[in-house]
Structure formats: C-alpha cells, structure tokens
Amino acid sequence: MSGGTGPRAGAGAGAGPLAGVRVLEAGHILAGPYATMLLADLGAEVTKIEPPGGDLSRQVGDSYFASVNRGKRSVRVDLSAEAGQAELGALAADAHALLVNMKPSAIRRFGLTYDALRRWNERIVCVALTGYGLDAGDDPAFDYVIQAATGVAALTGDPAGPPTLPGYSSADNSAGMAAALGLLAQIVSGRGGQVEVSLRDVMLSQLNYRAAAYLNDGTEPRRLPNGAHSYYVPAQLFPTAGGTLALFVTHDGFWKSFAGEAGVAGFPTMAERAARREEVLAAVTAALARDTALGWEARLRPLGVPAAAVRTLPEALAAAPDVLVDAGGYRLVGSPIRVAGYEPAYGPPPRLGEHGDLVARAAGGRGGSPAGGERS
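Summary of the structure given here. All of these numbers come straight from a predicted model, not from anything done at the bench. (Residues numbered from 1 in each chain as written. Predicted model: local features only at pLDDT ≥ 70, side-chain atom pairs only at ≥ 80, totals over all residues. Heavy atoms only, no water.)

Overview of the side chain of Gln236
For Gln236, the position within the fold is in strand β7 (residues 235–239). Beyond its immediate stretch of four places on either side in the chain, Gln236 contacts Pro225, Asn226, Gly227, Ala228, Leu245, Ala246, Leu247 and Leu281. (Helix = DSSP H or I, 4+ residues; strand = E, 2+ residues; numbered from the N terminus. Contact = heavy atoms within 4.5 Å.)

Some points on the sheet that holds strand β8 (residues 244–248)
Strands sit in the order β7-β8-β9 across an open sheet of 3 strands; the sheet is antiparallel. Each of the sheet's edge strands pairs with one partner strand only, and the pair in question is β7 and β9 (307–309). Looking at each pair of strands side by side, their axes are set apart by 20° on average, direction ignored. The pairing of β7 with β8 spans 5 bridges and is classified as antiparallel. Pairing of Gln236 across the sheet is with Leu247, part of β8. (Pairing = 2+ DSSP bridges. Axes fitted to C-alpha atoms, helices over the stretch in contact; angles between N-to-C directions.)

Structural notes on the packing of aromatic side chains
With the rule as written, the count across this model stands at 4 aromatic pairs. On the basis of an interplanar angle of 50° and a centroid distance of 5.9 Å, the ring pair of Tyr209 and Tyr231 is categorised as tilted. With Tyr209 in helix α10 (residues 208–217) and Tyr231 in the loop between α10 and β7, the pair connects residues that are 22 residues apart, well separated along the chain. Taking relative accessible area as the criterion, Tyr209 reaches 38% and is therefore assigned partly exposed. On the basis of relative accessibility, which here comes to 43%, the residue Tyr231 falls in the partly exposed class. Relative to Phe267, the ring of Trp255 has its centre 6.3 Å away and its plane inclined at 75°; by these criteria the two rings are edge-to-face. You can see Trp255 sitting in helix α11 (residues 252–262) and its partner Phe267 sitting in the loop between α11 and α12 (270–275), a full 12 residues away along the chain. Taken individually, Trp255 and Phe267 each receive the classification buried, so the pair is uniform in this respect. Chaining the aromatic ring pairs together yields one cluster made of Trp255, Phe258 and Phe267. Taking NZ or CZ as reference, Arg109 lies 4.9 Å from the ring centre of Phe110, over its face. In this structure, Arg299 packs its charged tip against the face of Trp296, placed 4.0 Å from the ring centre. (Phe/Tyr/Trp six-rings, centres within 6.5 Å; stacked < 30°, edge-to-face > 60°. Buried < 20%, exposed > 50% of the residue type's maximum accessible area, 1.4 Å probe, protein only. Lys NZ or Arg CZ within 6 Å of the ring centre and 35° of its normal.)

Some details on the pattern of salt bridges
Taken as a whole, this structure holds 18 salt bridges when the rule is applied. Asp252 serves as the salt-bridge partner of Arg273, at 2.9 Å between the closest nitrogen and oxygen. One end of the pair, Arg273, is in helix α12; the other, Asp252, is in helix α11, with 21 residues separating them in the sequence. With its nearest N and O atoms 3.7 Å apart, the salt bridge here joins Arg351 to Glu354. (Salt bridge = Lys/Arg side-chain N within 4 Å of Asp/Glu carboxyl O.)

Comments concerning helix α8 (residues 170–189)
One turn of the α-helix equals 3.6 residues, which is why residues spaced by three or four share an orientation. Relative to the 28 Å expected for 20 residues at 1.5 Å per residue, α8 spans 29 Å between its end C-alpha atoms, a close match to the ideal helical length. Downstream of α8 by one or two residues, Gly190 has phi in the positive range, about 85°. (Expected span 1.5 Å × (residues − 1).)

Let's talk about the nonpolar core
By size, the foremost hydrophobic cluster in this structure holds 29 residues, and its most contacted members are Val23, Leu39, Ala44, Val127, Leu129, Ala179 and Leu183. Mapped onto this core, the elements with two or more residues apiece are α1 (31–41), β4 (97–100), β5 (125–130), α8, β6 (193–198) and α9 (199–206). For this core, the leading source of residues is α8, giving 6 residues. If we ignore the near neighbours within four places in the chain, the residues touching Ala179 are Ala35, Leu99, Val127, Leu129 and Val197. Membership of the second largest hydrophobic core comes to 26 residues, among which are Leu91, Leu98, Tyr114 and Cys126. (Core = buried A, V, L, I, M, F, W, Y, C linked by side-chain atoms within 4.5 Å.)

Below, the structure is given as structure tokens:
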C-alpha cells in the first residue's frame, strides 16, 4: 500500500478525531464490540463482520446489542468458506485495522491475524482480544471466570462472607478499552502488525498497587469491611441516618475539612489514621449517624471532601441526564470521551447484514488506500 498523509486526511470541520479511520470488527458479545463502539463514537467507520447467524449478542436482546454496537455497519461473511475468506481479504485491503475477540484457534482458523492478512494489506493493524493470549490455548475465558482467576473476586466483598463480583462486566469492558488503545497506538506508529490484549493481563494490570505491595513489600492482599481502602483511612462505605455514604479521605486537608464539619476531634495525620484505623472508623461512623447520606453529600461537597450517597443505577441516570443519548431510537449512555468541537452522531445499531453491499464494493475494488487516508 502506498504512503500518504494518514487516515485523517480529508476530514471535514467538526468531524470526529477518527474520521477516515476504517476498522473491521469480528467480535461478539461485549469486549470486542465495546472497543469498536468507542472508536465509532469518535468518528471511525466500523464494519462488523458477522457470521451468517449474527453476533451472539443479538440473541440476548435488542437493547443489549444496541448498547455496544451503535453507529456501526454490518456485513454477513462466512469465514469458514473459501468465498468468505476472499471477501475478508477484500475488506482488509481497504481497512486500517481489524479487531477480533474469539478464542485463539478460531482467530487463526478464520485467518484473522496479521500474518494471514498482510498479503492483502501490509499496513493493517490486527488486534486479537483473547482470554489469556493468542498463544495460550482455548481455555474458556469469560468475564466472571477472569475475575475469579486474577484475584479480583477474592478482593471483593465483605471479609466475613464469600468472594463476590461487581454487578457489571468489568473485565470485558476494561479489556475493550485497552484493545481500543492498542489499536490506535499501532495505527499512529504508521506500521501494520499484530497487537494482543488479554482479559487476564488487563485485570492483573488493574490490580496495580495491590500487586506492587505484594511483589515488593510482601503485603498479602485482604478484604476489609465496607470496601475499605487498604491505604487510606477513612475511605469506604458508611451507614448514615438514611442511606449509605461513600467517603474517600486521601490526605490531611480532606480530613481537616471533614472533621470540622462532622465534629470529629483528633487523628490529624494520615499515618495516625492508618495506625488507629478502628478508632477512626468508630468516630466517623458515630458522626455520620447524625445525618442522611444525601445530607452529608450536600454538606461535604462544597468543602471539597470526596463523598457521595450510594445511588441505584436508575437514580444515577436520573442525576446525570447529560450522559444520555438517542441512537436510532435507543436511549443509551453516550461516549465517555468528550472532544471539544465534536458531537458524535450516535447512529442506530445495524441490522444483520444491512451493509452487504460493502462486501461487493470491496471485492470489486473500492479505490483509495488506508495509507492515503481518503474516506470513501
């Protein structure tokens, strides 16, 4: 492929920062589709390569599918057939990147690696999002399994109870963000190549200071009551006269402001609060019992003290109407990335195979190369 000015060439005023970037996705369920949806929200042209029966998440429900597939295109390609492989090659020839989340054997069997696709496009970036790594085998690696395998579940919950899991797919979503970052980093390098992101590695990376404390200081990780932080005191959930309050005091300035408002004396330094954890927690719990969680939130926020009443998801959405968007009739949470001067279009999720003409156009020669960056 020829050299050029890069994928953003020709982008108009107000276009997304990824305008002109063409991404193929051979993904299913959550991690891969979430990664490419973030890219689509930023203006990339994302085409889902779906098997004849479609992405499995279509079977979960329309709202589920819409939540991670808005603004994309959909083509049906049978990658197990010779004709499907030819269609894949034609699509890859005009793409900047391919992101796939399947088990490693399927990624290789369907020709979804850089080694398989470089004959069509030397500059394509191929991202393999797997459970344990492209060379690690096909052991099942779903979100909850990864949380259990990496120590996340063991660190979650009350110490008197069993390990537990958060109420959302933290491993899939986190891995999706990492995969999107890896994809963009390799595109920026100007070189094609293989990028790998595994759910296991992402979750171990997110245990950063916990892992460092164990590896360097021999500190065994442990669960503390009410989700208490291992370093900061008080930093946890507290009962109040009505509802539960999250209080996160990370330095002495926050403590001084909080203690003055709550009428708590003593414990002026972080070191003393850590050393006298149980005394501090008892004093704070007694003070917080004199008002509701919402009351404390209203009192502490103007002082700059990090505190929030625990809300349900419906309550949180009602309190943040600015994050809600319409995507082809679906009400969804919009992109978490805000770019000055750009507002995502938030198109609808695609119908299965809706853009099948793209395959025919690619096979017939679409014109313009990703290296040159002209968006057709």
